[in-house]
Amino acid sequence: ETGVTQTPRHLVMGMTNKKSLKCEQHLGHNAMYWYKQSAKKPLELMFVYNFKEQTENNSVPSRFSPECPNSSHLFLHLHTLQPEDSALYLCASSQDLRTEAFFGQGTRLTVV
Amino acid sequence: GQSLEQPSEVTAVEGAIVQINCTYQTSGFYGLSWYQQHDGGAPTFLSYNALDGLEETGRFSSFLSRSDSYGYLLLQELQMKDSASYFCAVRDRRASKIIFGSGTRLSIRP
């Protein structure tokens, strides 16, 4: 238990579906992140939020839409995904943008 | 640009010592971190070096040389539970974010 909870743990969706990933942190951190982890590739930073404001969008396709309603919650809304979007999506939080990150267990996404 | 290089796989024997190297290139540098990830698990923070030298935490040590843009993670008295992937990561002062290497898969033999 790292204090960062992601739901669901596993998700299978069709290319025409709309789904959302949820992340919640109970650590009082101010920064939250979405990372994508594909097999044999580095952890890819997708989005960064600091004090609920998006500070980084790492050239992510618009079919991924983040939402940060408060400092404790982060969502990733998914629509019209492609099979190559299948990956482990990890949420992380940190006290600020320069301290160590605490990760959730991830959502294993399969797009069929 | 930003990039990190680390070996993709390392194999070692239980009880031995192993060193995982990491070289980095960033447009600004704030510190080098190491994370451990077991199969099916979340990455967990191991260590952080902001200054040159060796930081020791139990069986794990981490080293940084800023002039060489190089660091390593040293694992001593290896145990089977140390089998995992290990990621180096840099904090880029200009970008104010954490960038990860591709990870080193450590396999330990009895």
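In this report, we go over the structure that sits alongside the text. These numbers come from a predicted model, not from an experiment.

For the rest of this paragraph, the subject is the environment of A:Gly104. As for its position among the elements, A:Gly104 is in the loop between β10 (102-103) and β11 (107-111). Linking A:Gly104 and A:Cys91, residues 13 residues apart in sequence, is a C-alpha distance of 5.5 Å.

So, on to the interface of chain A and chain B. Bring the parts together and some accessible area is lost; that lost area is often taken as the interface size. Counting residues at the interface gives 19 residues for chain A, matched by 18 residues for chain B. Here chain A and chain B share one salt bridge between them. Across the salt bridge formed by B:Arg91 and A:Glu100, the nearest N and O atoms sit 3.9 Å from each other. Taken together, chain A and chain B are joined by three residue pairs in polar contact (both at pLDDT 80 or more).

Another point: the packing of aromatic side chains. For the coordinates displayed, the defined rule picks out 11 aromatic pairs over all chains. For the ring pair B:Phe63 and B:Tyr72, a centre distance of 4.9 Å and an interplane angle of 20 degrees mean the geometry is stacked. Three or more aromatic residues joined by ring pairs form one cluster here, namely A:Tyr33, A:Tyr35, A:Phe103, B:Tyr35, B:Phe45 and B:Phe100.

Of the voids in this model, the largest pocket is the one considered here, and its volume is about 640 Å³. Counting residues per element, the ones that place at least two in the lining of the largest pocket are β9 (84-92) and β11 (104-109) of chain B. A class-by-class count of the residues in the lining of the largest pocket yields three nonpolar, 14 polar and seven charged. What the second largest pocket holds in volume is close to 190 Å³. Together, 15 residues line the second largest pocket, and A:Pro42, A:Leu43, B:Gln2, B:Ile99 and B:Phe100 are the ones closest to its centre. Looking at which element gives the most residues to the lining of the second largest pocket, the answer is strand β10 (residues 97-100) of chain B, with four residues. Residues belonging to the lining of the second largest pocket are distributed by class as follows: eight nonpolar, five polar and two charged.

Residue and element names in this part refer to chain B. Judged by pairing direction, the sheet is antiparallel, and its five strands sit side by side in the order β1-β3-β8-β7-β6 without closing on themselves. The outermost strands of the open sheet, each flanked by one partner alone, are β1 (3-5) and β6 (53-57). Between one strand axis and the next, the sheet turns through 20 degrees on average, direction left out of account. Pairing between strand β7 (residues 60-65) and strand β8 (residues 70-75): six bridges, direction antiparallel. Along β8, the bridge assignment pairs Phe 60 with Leu 75.

The next subject is the pattern of salt bridges. Between side chains of opposite charge, a pair can form when the charged atoms approach closely. Residues and elements named next belong to chain B. One pass over the full model with this rule turns up five salt bridges over all chains. For Asp 82, the salt bridge identified is with Arg 59, shortest N-O distance 2.7 Å. Taken together, the residues Asp 82 in the loop between β8 and β9 and Arg 59 in the loop between β6 and β7 connect sequence positions 23 residues apart.

Cut-off values and rules
- Residues numbered from 1 in each chain as written.
- Chains lettered and ligands numbered in written order.
- Predicted model: local features only at pLDDT ≥ 70, side-chain atom pairs only at ≥ 80, totals over all residues.
- Heavy atoms only, no water.
- Helix = DSSP H or I, 4+ residues; strand = E, 2+ residues; numbered from the N terminus.
- Contact = heavy atoms within 4.5 Å.
- Salt bridge = Lys/Arg side-chain N within 4 Å of Asp/Glu carboxyl O.
- Polar contact = N/O pair within 3.5 Å; in protein donor to acceptor, adjacent residues only side chain to side chain.
- Phe/Tyr/Trp six-rings, centres within 6.5 Å; stacked < 30°, edge-to-face > 60°.
- 1 Å grid on protein atoms, 1.4 Å probe; cavity = no way out; pocket = protein on both sides within 12 Å on 5 of 7 lines; lining within 4 Å.
- Points joined across faces, edges and corners; volume = space filled by probe spheres on them.
- Nonpolar A, V, L, I, M, F, W, Y, C, P; charged D, E, K, R; others polar.
- Pairing = 2+ DSSP bridges.
- Axes fitted to C-alpha atoms, helices over the stretch in contact; angles between N-to-C directions.

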